[in-house]
Every structure is written in structure tokens, then in C-alpha cells.
Amino acid sequence: MIAVELLNVSKEYSGRVVLRNVTFNVHEGEFFVLVGPNGSGKTTLLRILDLLEEPTSGKIFFDGEEVDYYKDRVPLRRKIGMVFQQTVLFDMSVYDNIAYPLRIRGSLSKDEIERRVMNVLEDVELRGFDRKNALTLSGGEAQRVALAQALVTEPRLLLLDEPTANLDPKNVSIVEGVLSRLNKERKTTIIMTTHNMFQAERLAQRIALLNEGEIRAIGTFREVFGYQSQLTW
Amino acid sequence: MVEDLFLKEIINITILSLRVSGTAVIIGAVIGIPVGTYLGFRQFKLKRTIMRLVDVMLKSLVNTFMGLPPVVVGLVVYLLLTASGPLGWLGLLYTPAAMVITQLIMVVPIIIGVTMSAVASVESSIRERAISLGATENQAAWLVLRESRVGVLTSIIVAFGAAISEVGGIMISGGNIRWLTRTLTTAIVVETELGNYSMALTLGAILLSIAFAINLALTVLQLKGPRR
């Protein structure tokens, strides 16, 4: 079943074309990776998928249903989790940061929120960090809290914008482990952008190559790159 | 007996100063914080050129009024409240209320300006993150205000500091009447002119202590946060 479908999606900023007729779909439970150089439109594409921006033209479908930008997007956005490249955490404890998306939904008990927050802290290997102020964490820890914020709501679709771009190998390994488990065990659909071809090869079931706002190739790593996994930008 | 009166007058002057400036700042905060928050939010939302122009004009106006000369404010309030003025019928000239109005006009732009900057500095990233996590616009706005709380508190403290140390405006609108509208700053002026240096110095020490307490509070706030 197709979880996300983009049909001729284009985006312009003041006449500058950032995305041009992007068309692809992502299956439910698939780990889909977008690769491409800086300025190729990867982040814009994820922001459109997170409903933070509207495409200039084209259509987007979630579970077969077209996104209607005139409707309240909050219910749909609550099914999606997103991790930005630049971590933005709030000036409160790690626990409160992770509990925030659950609290604003207002549908869970205090005990259930606590259970979920503690579980996800365990998943991202930040047990014992719950009382620390989130703004005092290192880059790697902060990125893992941002990931935990996105995971705690158990989203159906997880969007990740170069989540390991500024992390050391240890933190990269932790984040990749969490994403792999999430995708395999919970069958969460994941769309991730990365510069790192080795990472794309390790994680992706399918890859889309984005350049100058256009999809240039799509398929498995081998289909797209053959054996050139040493390719660098 | 003389010493008793001296002490009573000092206490009266200090309490009046705190009451006038405190009232002006409380009313100023009630007006200034929502307006500053609104203006801080607006900068990322307005797309149309005409609205952007209005936005720029409003913000420039706030920044200009942040540097209002107190004597000019005092003069305007005096002209409004004087018997032949448009608000003369209120009978507020030379009362603490006139002094509160004078200081209110001065502190509102300060509170708006500092709050606006504090909100605008975190608005874009915090709002977007909250929205991405599933917040409604109102929930995101509340979070932005919470994240800029140190800036908002700073606006109140800065405004109080400006109000308590102001002299020209309240001298004109309050009249510097002994036991009625004499504050720390206006009393220092008159006691110095009369050669009562001990009284002037005592009042000066009290004013300095208040200024120190305000700066201490500001420094503690800055040290505690924001950490971003």
C-alpha cells in the first residue's frame, strides 16, 4: 500500500524554482532515502511533506487522500514526525521536551505520557537525562532528544532531514540503530535525506536522487548507483 | 522629633516613588506585553507589501517612543491635565495619578519594544518546531511566549528602572509637592537646591540601592537564561 505519493510537485520562491515536477511514491513501512547535493531541494521537499510549506503546484496524497491546504492541517500533521537538520529544543527539561507533543494532543493520561517518554528515552540511549535542561546537551544528545520528540507520538510517517549530519560516529550509530529498529519492528514509514552515500546504502530500501530540484533516478541503491557506493559529491 | 520627621518623610518619598513607578509598570505591562507579543509575531506572517509597510512603520514608531524625552512627556501630560486642557475636568494635575500617566507613557514603548525583540528572536524556529510536533497556532504562540519569558521579564525590569529614575516628567505633571507628589528623584533636586545635602544624599543612596537591586535582578535573569 502506498503511504505517500507526490504528483508533479513544484516549488518556487520569488520565481526561483527549487523543486520541479517531483513525482514519486513511498510504500507503507518503507525506508526511503533522498540523496542529493546541497541546494538540490531535499529540505524543501521534506518541509512540504511535513505540511510546513505548500507546493506551488502539484498534489500530495497521504494514504490515498489528497492534502487539502484549505483544511486544518493539524490532525494530519499529528500523524507525521519530523526531525530537522538544525535541532530546535525548548528551554525546559529533556522530559518536558519529549512530553510536549503528547501533552498538546491532550488525549493521554499523565502515567501514559511518563511511560512513553521513559521508553523512548531508553530507545535513544538517554536514560537518566530526563531532568537535564535540554539546552545544556551536546549536539549528539540534542539530536537524539529531537528524534525522541518525533518518535514519542508513534508517527505513521517519520521525516528526517540529515539527522546525523553533525554527529560523531557513536551518535550516528545510535541514531541509525533506532531508525532501523523502528522501521523493521514497528513498520514505520521513513523518508530521510542524507549526503552520506554509505548511510543511504546501509539504511535505504529505495533511494531517490535529487539534483537541481528534479528527481534524476529512483530505485534500490544498486539500481541507482550500480556498485559505485564510493561516490562522493 | 526632627529626626522622626526626617525619617517619616524619607519613608513617604520612597513609598510614593515605588507606588507611582510600580503602578505605571504594572499597567504598562498589561498593555505592552500583548502588543509587543503581537508585533513580534507579525514579522514572519505579513506577506503583502502594504502590510509590511504598516509593520515597519509601527515598529519604527515603537523604537522612536522608546527614547521619548521625559520632560516632553511631562509637558504634554501637563497641557492635557491643566485646568484649561482637554482633560482638565478630571482634576488630576499635581496628583500621583498624573505622575503615573506620565511614567506610563514612557514605559509602554519600552515594554513593547523589548518584548517584541524577545518574541521575534525565537518566534520563527520555536513556532515552526511546535507546529511540526502537532501544535495548533495557539499552542505554538503560547510556547513562543514561554520561550521568550526572560526577555519579557527583562522588559518589565528595564521599564521599572527607567521609571524610578525619571525626574523631568513627573516634576512637571506632579508638581513636586511635599508629602503628596515628591518622589526620590524630584526630592533630590529640591533638597540639593535648598542645601540639605544630608537629605539629598540619603535619598540618593536609597535610589542607588533600588537601581542596584534592579540590575542584580537583570543580571541573575541573564545568567539563568535563555540558554539558547
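Above this text you will find the structure in question.
Source: prediction; values computed, not measured.

The next subject is the overall build of chain B. A tally of regular secondary structure across chain B gives nine helices and zero strands. Each helix and strand of chain B, ordered N terminal to C terminal, gives the series α-α-α-α-α-α-α-α-α. Counting every position in chain B, which comprises 228 residues, the buried fraction comes to 39%. Counted over contacts in chain B with a minimum sequence separation of 6, partners at least 24 positions apart contribute 75%.

On to helix α4 (residues 110–123) of chain A, then. Residue and element names in this part refer to chain A. Between its first and last C-alpha atoms α4 spans 20 Å; for 14 residues at 1.5 Å apiece the expected length is 20 Å, and the two agree. Looking at the packing, one finds that the buried side of α4 touches α3 (94–105) and α5 (139–151). Remark: Glu 125 follows α4 within two positions and exhibits a positive phi of approximately 55°.

Looking now at unusual backbone geometry. In this structure, Glu125(A) takes a positive phi of about 55° despite not being glycine. Mapped onto the elements of the fold, Glu125(A) is located in the loop between α4 and α5. C-beta crowding within 10 Å serves as the criterion here: with 16 such atoms nearby, Glu125(A) is assigned to the partly exposed category. Look at Trp179(B): it is not a glycine, yet its phi comes out positive at around 70°. Inspection of the secondary structure assignment puts Trp179(B) in the loop between α7 (168–174) and α8 (184–194).

Before going further, it helps to examine helix α6 (residues 169–185) of chain A. Residue and element names in this part refer to chain A. Taking 1.5 Å per residue as the helical rise, α6 with its 17 residues ought to reach 24 Å, and the 24 Å between its terminal C-alpha atoms agrees with that figure. Those residues of α6 not exposed but buried are Asn 171, Ile 174, Val 175, Leu 179 and Leu 182. The buried residues of α6 occupy an angular sector of 125° when the element is viewed end-on, so they sit on one face. Of the exposed residues in α6, the ones pointing more than 90 degrees away from its buried face are Pro 169, Lys 170, Ser 173, Arg 181, Lys 184 and Glu 185.

All names here are of chain B. Put simply, helix α4 (residues 96–132) and helix α5 (residues 137–147) touch, their axes get as near as 9 Å, and they point 140° apart. One element, α4, and the other, α5, form an angle in the oblique class. You can see that α4 and α5 cross each other, and the crossing is right-handed. Where α4 abuts α5, its residues Val 119, Val 122, Glu 123, Ile 126, Arg 127, Ala 130 and Ile 131 lie against Gln 139, Ala 140, Leu 143, Val 144, Leu 145 and Glu 147. Looking at the contact of α4 with α5, its residues break down into nine nonpolar, one polar and three charged.

Residues and elements named next belong to chain A. Pairing within the open sheet is mixed, and its six strands lie in the order β6-β7-β8-β3-β9-β10. Only two strands of the sheet have a single neighbouring strand rather than two, namely β6 (80–83) and β10 (214–219). Adjacent strand axes in the sheet meet at a mean angle of 15° when their direction is disregarded. Strand direction decides the pairing type here: strand β7 (residues 157–161) and strand β8 (residues 189–194), joined by five bridges, are parallel. Bridged to Leu 157 within β8 is Thr 189.

This next bit is on the sheet that holds strand β4 (residues 57–62) of chain A. All names here are of chain A. Taken together, four strands build an open sheet; the order of strands is β2-β1-β4-β5 and the sheet is antiparallel. Only two strands of the sheet have a single neighbouring strand rather than two, namely β2 (16–27) and β5 (65–66). The pairing of strand β1 (residues 2–13) with β2 spans eight bridges and is antiparallel. For Val 4, the partnering residue across the bridge sits in β2 and is Val 26.

Conventions and cut-offs
- Residues numbered from 1 in each chain as written.
- Chains lettered and ligands numbered in written order.
- Predicted model: local features only at pLDDT ≥ 70, side-chain atom pairs only at ≥ 80, totals over all residues.
- Helix = DSSP H or I, 4+ residues; strand = E, 2+ residues; numbered from the N terminus.
- Buried ≥ 20, exposed ≤ 12 C-beta atoms within 10 Å, placed from the backbone.
- Contact = placed C-beta atoms within 7 Å.
- Expected span 1.5 Å × (residues − 1).
- Arc of directions from axis to C-beta.
- Axes fitted to C-alpha atoms, helices over the stretch in contact; angles between N-to-C directions.
- Parallel < 35°, antiparallel > 145°, perpendicular 65-115°, else oblique.
- Left-handed = near helix turned anticlockwise from the far one by under 90°.
- Nonpolar A, V, L, I, M, F, W, Y, C, P; charged D, E, K, R; others polar.
- Pairing = 2+ DSSP bridges.

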